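# A closer look at the structure
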Amino acid sequence: QVPLVESGGGLVQPGGSLRLTCTASGSMFRSYPMGWFRQAPGKQRELVAVVSTGGSTNYVDSVKGRFTISRDDAKNTVYLQMNSLKPEDTAVYYCNRDSPYIKWVWGQGTQVTVSS
């Protein structure tokens, strides 16, 4: 398995910003597209942002213009810059390989809470 560790979450007011970091120091993931996922209370986990091996990105409509996913393969790291946060962004955020065939073991995720 590839150990995935998410960090950077926290409590932020609506309109605030956070930058999430995903690291996989145990194994390089430069060969794979990576994604950020989130799971809100009582809801299914959803894919919110994807970055390809070439650096192209895609986002779910609800976060377009607000979130930016990026990767630094030299550091085995994927980032999610989250701006203009809304209460509906509250969730546990996870990173993982973006593949319909296989996922690495999910990490613990990092909690993002957007509340006044």
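Because the structure is a prediction, the values reported are computed rather than measured. (Residues numbered from 1 in each chain as written. Predicted model: local features only at pLDDT ≥ 70, side-chain atom pairs only at ≥ 80, totals over all residues. Heavy atoms only, no water.)

## Observations regarding the state of the cysteines
Heads up, the condition is: By disulfide we mean two sulfur atoms from cysteines, separated by a distance within 2.5 Å. Segments assigned H or I by DSSP are reported as helices when at least four residues long, segments assigned E as strands when at least two residues long, and all are numbered from the N terminus. Note on classification: 1.4 Å probe, protein chains only; a residue is buried when its accessible area is under 20% of the maximum for its type, exposed when over 50%, partly exposed between these limits.
In the structure shown here, the tally under the stated rule is 1 disulfide. In this model, Cys22 is linked to Cys95 through a disulfide, with the two sulfur atoms separated by 1.8 Å. An S-S torsion of about 60° defines the bridge between Cys22 and Cys95 as right-handed. Here the residue Cys22 occupies a position in strand β3 (residues 18–23), and Cys95 occupies one in strand β9 (residues 91–97), the gap between them amounting to 73 residues. The residues Cys22 and Cys95 share a single accessibility class, namely buried.

## A word on the sheet that holds strand β10 (residues 110–114)
Note the following rule: When DSSP finds at least two bridges between two strands, those strands are taken to pair. Axis definition: a line fitted to C-alpha atoms, over the contacting stretch in the case of helices. Angles run 0 to 180 degrees between N-to-C directions.
Here 6 strands make up an open sheet; going across it, the order is β2-β10-β9-β4-β5-β6 and the pairing mixed. Every other strand in the sheet has two partners, leaving β2 (10–12) and β6 (57–59) as the edge strands with one partner each. Strand-to-strand twist of the sheet, defined as the mean angle between neighbouring strand axes without regard to direction, takes the value 25°. Bridge count between β2 and β10: 3 bridges; the pairing is parallel. From the neighbouring strand, Leu11 faces β10, where its bridge partner is Thr113.

## Let's talk about the sheet that holds strand β8 (residues 77–82)
Taken in spatial order, the 4 strands line up as β1-β3-β8-β7 in an open sheet, and their pairing is antiparallel. Whereas interior strands pair on both sides, the edge strands pair on one side only; in this sheet they are β1 (5–7) and β7 (67–72). Put simply, the sheet's adjacent strands are angled 15° from each other on average, direction ignored. When β1 meets β3, the two strands line up antiparallel, connected through 3 bridges. Within β3, the residue paired with Ser7 across the bridge is Thr21.

## Things to note about the pattern of salt bridges
Worth spelling out the cut-off: Only one rule defines a salt bridge in this text: a Lys or Arg side-chain nitrogen within 4 Å of an Asp or Glu carboxyl oxygen.
Counting across every chain of the model gives 5 salt bridges. The partner of Arg38 in a salt bridge is Asp89, and the shortest N-O contact between them spans 2.9 Å. Separated by 51 residues along the polypeptide, Arg38 in strand β4 (residues 34–39) and Asp89 in the loop between β8 and β9 bring together distant segments of the chain. Neither residue differs from the other here; Arg38 and Asp89 are each classed as buried. Asp61 is the partner of Lys64 in a salt bridge, and the nearest nitrogen-oxygen pair spans 3.1 Å. The class of Lys64 is partly exposed, set by a relative accessible area of 49%. One network of salt bridges, with partners in common, ties together Arg38, Glu46, Arg66 and Asp89.

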